[in-house]
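Survey of secondary and tertiary structure
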Amino acid sequence: MVQPPASSVAIAAHAESARWLPAWLTNAGVVIGIGLVVLVSSLAIGAAATAMPENGASAADLQSAGTSANPEQPYDDLGEDGRRAAWWFLGFETPFLTSFGLLLCAGCAFAACQLAVSGAERLARIARFAVIFGLLAALSDLIQNSAVAVVLTGHFAQPAPRLAEVFGYLTWAFGVSAGFVFVTGWFVAAVRTRRPAPQ
C-alpha cells in the first residue's frame, strides 16, 4: 500500500488544525503589528510609571485595593500630578496588556498548528482551547483598568475597587496559562519534529 508523502500529511494536518482559527491569528503581518504595539506601549508605560513613585503611591495600589476604604489613601497620596500620571499609565497599559493577550492567542494558535503537524493532535486540541485564555486575559485587563479609572475619578464605592482587584488576578492567571501552553506547545512540537522517523 502506497503511503502519502510526509509533507502532504503535514500540510493536511496544518490545514485541519488552522481551519477553526480566525485568519488574523495566523497572519504574520498582523502578529508583527500587534508586537510593535506591545513594544511601543511598554516603553510608554515605563515613562509614566516613573512619575508615580515620586508621589508616594502607584496605580498598582489602586488596582489591588479591593475594598472601598483602601483606595482613598493611595488616591490622596498620589496627589494631582500623580493622578495625572496614573491616567497616562492606564492609557498605555490598556493597549499593552490587550495586545499582549492577543499575542498569546496567536502564540497558542501557532503552537496548535505545529503540534498538529508533528502528530500530537491531543496536545494541539489543548493549545487550540488555550487560545481563549489570551482573549480572556485581554478582556480581564480591560475590565480591571475600567474599574481603576472609576476609582481615579474619586468614586470609591463598590463594585469598582473589588472588580479592579479580582480582574487583575484573572488577567495574570489567564495570561500565565496561555503563555505556559504556548511555550510548552512549541517545545514539544520542536522535539517531535526533530525526532528521527521510524524506519
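None of these values were measured; they are calculated from a predicted model. (Residues numbered from 1 in each chain as written. Predicted model: local features only at pLDDT ≥ 70, side-chain atom pairs only at ≥ 80, totals over all residues. Heavy atoms only, no water.)

Further remarks concern the overall build of the protein. Regarding its fold elements, the protein presents six helices and zero strands. Tracing the protein from N to C terminus, the helices and strands come up as α-α-α-α-α-α. The long-range share in the protein, meaning contacts at least 24 apart out of those at least 6 apart in sequence, stands at 78%. In the structure as shown, the protein presents an accessible area of about 10,900 Å², 69% of it carried by carbon and sulfur atoms. (Helix = DSSP H or I, 4+ residues; strand = E, 2+ residues; numbered from the N terminus. Contact = heavy atoms within 4.5 Å. Areas by Shrake-Rupley, 256 points an atom, 1.4 Å probe, with all protein chains shown as cover.)

Mapped onto the fold, glutamate 165 is located in helix H6 (residues 160–194). Within polar-contact distance, the side chain of glutamate 165 engages the side chain of arginine 162 at 2.6 Å. (Polar contact = N/O pair within 3.5 Å; in protein donor to acceptor, adjacent residues only side chain to side chain.)

The next point concerns the pattern of salt bridges. Scanning the model with the defined rule gives two salt bridges in all. For the salt bridge of glutamate 121 with arginine 128, the shortest nitrogen-to-oxygen distance reads 2.6 Å. (Salt bridge = Lys/Arg side-chain N within 4 Å of Asp/Glu carboxyl O.)

This part is about the nonpolar core. Within the largest apolar cluster, 15 residues are counted, with the highest numbers of intra-cluster contacts made by Cys108, Leu115, Ala127, Val131 and Val181. Tallying contributions element by element places helix H4 (residues 72–118) first for this core, with seven residues. For alanine 127, the residues in contact, after removing those within four places along its chain, are Cys108, Ala111, Ala112, Leu115 and Val181. Counting 12 residues, the second largest nonpolar core, distinct from the first, contains Ala86, Leu90, Ala147 and Ala149. (Core = buried A, V, L, I, M, F, W, Y, C linked by side-chain atoms within 4.5 Å. Buried < 20%, exposed > 50% of the residue type's maximum accessible area, 1.4 Å probe, protein only.)

What follows covers helix H5 (residues 121–152). Spanning 32 residues, H5 covers 47 Å between terminal C-alpha atoms, matching the ideal 46 Å at 1.5 Å per step. One or two residues past the end of H5 sits glycine 154, with phi positive at roughly 95°. (Expected span 1.5 Å × (residues − 1).)

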